[in-house]
Amino acid sequence: MKFERIVKGIENKRDEMVKLCCDLIGFKSENPPANVTDIAYFIRDYFEERGFKVSTYETKKGKVNVSARLEKGEGKKLLWNGHMDVVPAGRRENWATDPFIGVVRDGKIFGRGASDMKSGVAAAMVMASQLSEMDADFNGRIQLDFVPDEETGGYHGTKYLVERGLSLGDACIVGEGTSSRVWGIAVRIAEKGILDLKISALGKTSHASVPFLGENAIDKLMRVLSIVKEMENKKIELPPIVQRIIDQSMLYYEGIAKYYSLPTDVFRQLFSKMTINIGVIKGGVKTNVVPDYAEAKVDIRLLPGQNPEETYSEIERKVHDSGIRGIGLDKDVALPSYENPDGAFVTLVKRCVAEITGAEQVNTIIGSGATDARYIRSLRGIPTVILGPGNQSSHSANEYVDIMDMVIMSKIYTLIALEFLS
């Protein structure tokens, strides 16, 4: 390996990486409210102490972005992107340890954000530190962006940075968890998008004993939800390249299905259609009152190649044609996106993963969830892969990361940076 000395040096930083991950877990950066001020300034100080150029951007109180740059020459620019916020820890009685104290046990680190994605943040920080300390021979710029609000849409984080030209590069790694010794090694190059739908229904109150004198908003809402839910059966015609990515993903997902004792074709079905989840329903004030208002929030996952606006327009048309009156629709969209599996950066990343792990085959996969990669791809057209340490414990109680997975990923990041900028 051309850069063996530098990459192997990551092993000597194992204890530093573990401590760093535990320190990051110690910051209660739950989202909501996504006040990441303390963790952001901790990361800022880490890089300033090591001579990096660092900028911070606070778009709203507590919503602090940190960009750290290491520059040597006028060559290509590599971006790394990761988020500092975590989902709420939930009920403490479900945790075996304090979720905001990083606990090291049995080769793992436990705590909220260990998998999603403070281990990835720690791996990237140590990678950058290693390249700086060893005066690595490269030509160009590495920029690491740490953002505050990925878990609630990324509007004050990645979207803000990309729209204003503060995140620019020739290629990007988003450090969300994709690889572990449980799940296997994978490089995510495509992901579903989200059509978040809010449906409201207006009715008219009356006494429940004479319901014909009113209009039941909940009844209306249920009828509309039935119309929306039927769209799960809609046949989706995908671009050939997207279908190819899905087909290539199946070996990886069949392994996950077996791990959970699920039918092996469950993921094939998942990536053949939209999924529609009715997540929130509100309405009514009392059982003996006909409700005059009800609302629901619906999560619709769209495959790459689907147009969110066309899907929304179809829903509007179906609701209009139903004759149900007093219905309001509102939407929020996270675009589906994908990379060419034969693209130069994807090929380089796969080669680096194989070299570090010894894997004979590195899977390129589609993901069911949306990430901030969508902004980097769609707003700037930057080739982007999603690659980081992570496992099935993300967002759950007793979340953890395998320390070896984190160290391996830091090595992979290091090799990618050196190969891309050499």
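Scroll up for the structure.
The sections below set out a description of the structure shown in this document.

Parameters at a glance
Residues numbered from 1 in each chain as written. Predicted model: local features only at pLDDT ≥ 70, side-chain atom pairs only at ≥ 80, totals over all residues. Heavy atoms only, no water. Phe/Tyr/Trp six-rings, centres within 6.5 Å; stacked < 30°, edge-to-face > 60°. Helix = DSSP H or I, 4+ residues; strand = E, 2+ residues; numbered from the N terminus. Buried < 20%, exposed > 50% of the residue type's maximum accessible area, 1.4 Å probe, protein only. Lys NZ or Arg CZ within 6 Å of the ring centre and 35° of its normal. Axes fitted to C-alpha atoms, helices over the stretch in contact; angles between N-to-C directions. Parallel < 35°, antiparallel > 145°, perpendicular 65-115°, else oblique. Left-handed = near helix turned anticlockwise from the far one by under 90°. Contact = heavy atoms within 4.5 Å. Nonpolar A, V, L, I, M, F, W, Y, C, P; charged D, E, K, R; others polar. Pairing = 2+ DSSP bridges.

What about the packing of aromatic side chains?
- If you walk through the whole model with that rule in mind, you get 12 aromatic pairs.
- Aromatic side chains W80 and Y413 sit 6.1 Å apart centroid to centroid with 70° between the ring planes, which places their arrangement in the edge-to-face category. Of the two residues, W80 is situated in strand β3 (residues 76-83) and Y413 in helix α12 (residues 403-421); the sequence distance between them amounts to 333 residues.
- For Y413, a relative accessible area of 1% gives the class buried.
- With a centroid separation of 5.4 Å and an interplanar angle of 75°, the aromatic rings of F345 and F420 are classed as edge-to-face. Placement of the pair is F345 in helix α10 (residues 344-357) and F420 in helix α12, with a sequence separation of 75 residues.
- Exposure remark for F345: the relative accessible area of 6% places this residue in the buried category.
- Here the basic side chain of K76 rests over the ring of F420, its NZ or CZ set 4.1 Å away from the ring centre.
- Across from the ring centre of F110, 4.6 Å away, lies the NZ or CZ of R105, which sits over that ring.

Brief notes about the packing of helix α3 (residues 37-48) against helix α4 (residues 114-133)
- Direction vectors running N to C along α3 and α4 enclose 15°, while the axes themselves pass 11 Å from each other. Comparing the axis directions of α3 and α4 gives the class roughly parallel. Between α3 and α4 lies a crossing whose hand is right-handed. Residues I39, I43, Y46 and F47 of α3 pack against K118, V121, M125, V126, A128 and S129 of α4.
- A breakdown of the residues in the contact of α3 with α4 according to their chemical character gives eight nonpolar, one polar and one charged.

Brief notes about the pairing of strand β7 (residues 171-174)
- Burial along β7 is two-sided: the residues A171 and I173 and C172 and V174 are all buried.
- Judged from the four bridges that link them, β3 and β7 form a sheet pairing that is parallel. Within the sheet, the bridge partner assigned to L79 lies in β7 and is C172.
- For β7 and strand β15 (residues 384-386), the ladder comprises three bridges, and the chain directions are parallel. Residue pairing across strands places V174 opposite I386, the latter belonging to β15.

Re the side chain of E314
- Secondary-structure assignment places E314 in helix α9 (residues 308-322).
- Excluding residues within four positions of it along the chain, E314 makes contact with M231 and K234.

None of this, on its own, says anything about what the molecule does.
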